Amino acid sequence: MRAWRRVIMLTGFVLFYVGAVLVLNGLWLLGQIEDREVVVINIVAGLVSGAVVVHDAFGSAAGPASIRNAALSLLFATTYLWVAYNRWSGADGRGLGWFSLFVAITALPVFLSEIAAARSAGEVWLAGNWLVWAVLWGMYFALLALRRPIRRPTAVVTLLAGIFTGWLPGYLILSGSL
């Protein structure tokens, strides 16, 4: 049981910083934060997620489920580090946009498998997160790679996803409320 609690706490840890990065990236997309200011939180979130990826994929307790989770989590860690790089270097984001399509397409079957296997409200919530993330990363693809004029709606969805799929559940897990 102790190992399971550790997994839950690591999930809360990552979700908390995913929430922070998505909220701040949403504010940045709304023009409330300057480009270079979002670099720090994107690096922090990328490194936090990356550290858990290394633990899950290569730690002493690594197994098929944790390696799968690591592979999927690395999609997000990569995104955050790429955002940081783009904001620091001034890159236009098209490469990140195409990577976002890859993430969105990957997240859809994850949603379908998670919802099919869900046996609790928490598992349904987690499956729903994958659907939200598929939509969000699809919006990043449309915004960055296809150059669609959807910056404001993308910002709002980013902000809301940050609150409800990351920050709030992450905080609740870390505080022992979930």
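Residues numbered from 1 in each chain as written. Predicted model: local features only at pLDDT ≥ 70, side-chain atom pairs only at ≥ 80, totals over all residues. Heavy atoms only, no water.

When you look at the overall build of the protein in this model, what are you seeing that I'm missing?
Secondary structure summary: the protein contains 6 helices and 0 strands in total. The linear arrangement of helices and strands in the protein, starting from the amino end, is α-α-α-α-α-α. For 178 residues, the compact-globule estimate of 2.2 N^0.38 gives 16 Å, and the protein sits close to it at 16 Å. The C-alpha extent of the protein, read off along each of the three principal axes, is 45 × 30 × 30 Å. Within the protein, the fraction of its 178 residues that count as buried is 43%. Taking the contacts inside the protein whose residues are at least 6 apart along the sequence as the reference set, 69% of them involve residues at least 24 apart. By element, 71% of the accessible surface of the protein is carried by carbon and sulfur atoms, the whole surface being about 9,600 Å². For the protein, the centre of its 12 positive side-chain charges and the centre of its 7 negative side-chain charges are spaced 3 Å apart. (Helix = DSSP H or I, 4+ residues; strand = E, 2+ residues; numbered from the N terminus. Rg over C-alpha atoms; globule rule 2.2 N^0.38 Å. Buried < 20%, exposed > 50% of the residue type's maximum accessible area, 1.4 Å probe, protein only. Contact = heavy atoms within 4.5 Å. Areas by Shrake-Rupley, 256 points an atom, 1.4 Å probe, with all protein chains shown as cover. Lys, Arg positive; Asp, Glu negative; His and termini not counted. Charge placed at Lys NZ, Arg CZ, Asp CG, Glu CD.)

What am I meant to see in the UniProt feature "transmembrane region" (unreviewed entry) in the protein here?
Within this structure's numbering, the places UniProt gives as "transmembrane region" (unreviewed entry) are residues 6–31, 67–85, 97–118, 124–143 and 155–174. Within the segment residues 6–31, helix and strand shares are 92% and 0% respectively, and the terminal C-alpha atoms sit 38 Å apart. (UniProt positions renumbered as here; feature names shortened; annotations may be inferred.)

I tried to follow unusual backbone geometry on my own but got confused; where do I start?
Both trends apply: most residues other than glycine have a negative phi, and most peptide bonds are in trans. Residues other than glycine seldom take positive phi values, yet R147 does so here, at roughly 60°. Inspection of the secondary structure puts R147 in the loop between α5 (121–145) and α6 (151–174).

I tried to follow the layout of surface pockets on my own but got confused; where do I start?
Any empty space left between atoms is shown by rolling a water-sized probe over those atoms. Of the voids in this model, the largest pocket is the one considered here, and its volume is about 1,400 Å³. Surrounding the largest pocket, 43 residues form its lining, V7, I8, T11, N69 and L126 being those nearest its centre. The element that contributes the greatest number of residues to the lining of the largest pocket is helix α1 (residues 2–29), accounting for 11 residues. Classifying every residue of the lining of the largest pocket gives 25 nonpolar, 12 polar and 6 charged. For the second largest pocket, the lining is made up of 19 residues, of which W28, L29, L96, L143 and L144 are closest to its centre. Put simply, the parts of the chain that give the lining of the second largest pocket at least two residues each are α1, α3 (64–89), α4 (94–117) and α5. By residue number, the principal contributor to the lining of the second largest pocket is α3, which donates 5 residues. (1 Å grid on protein atoms, 1.4 Å probe; cavity = no way out; pocket = protein on both sides within 12 Å on 5 of 7 lines; lining within 4 Å. Points joined across faces, edges and corners; volume = space filled by probe spheres on them. Nonpolar A, V, L, I, M, F, W, Y, C, P; charged D, E, K, R; others polar.)

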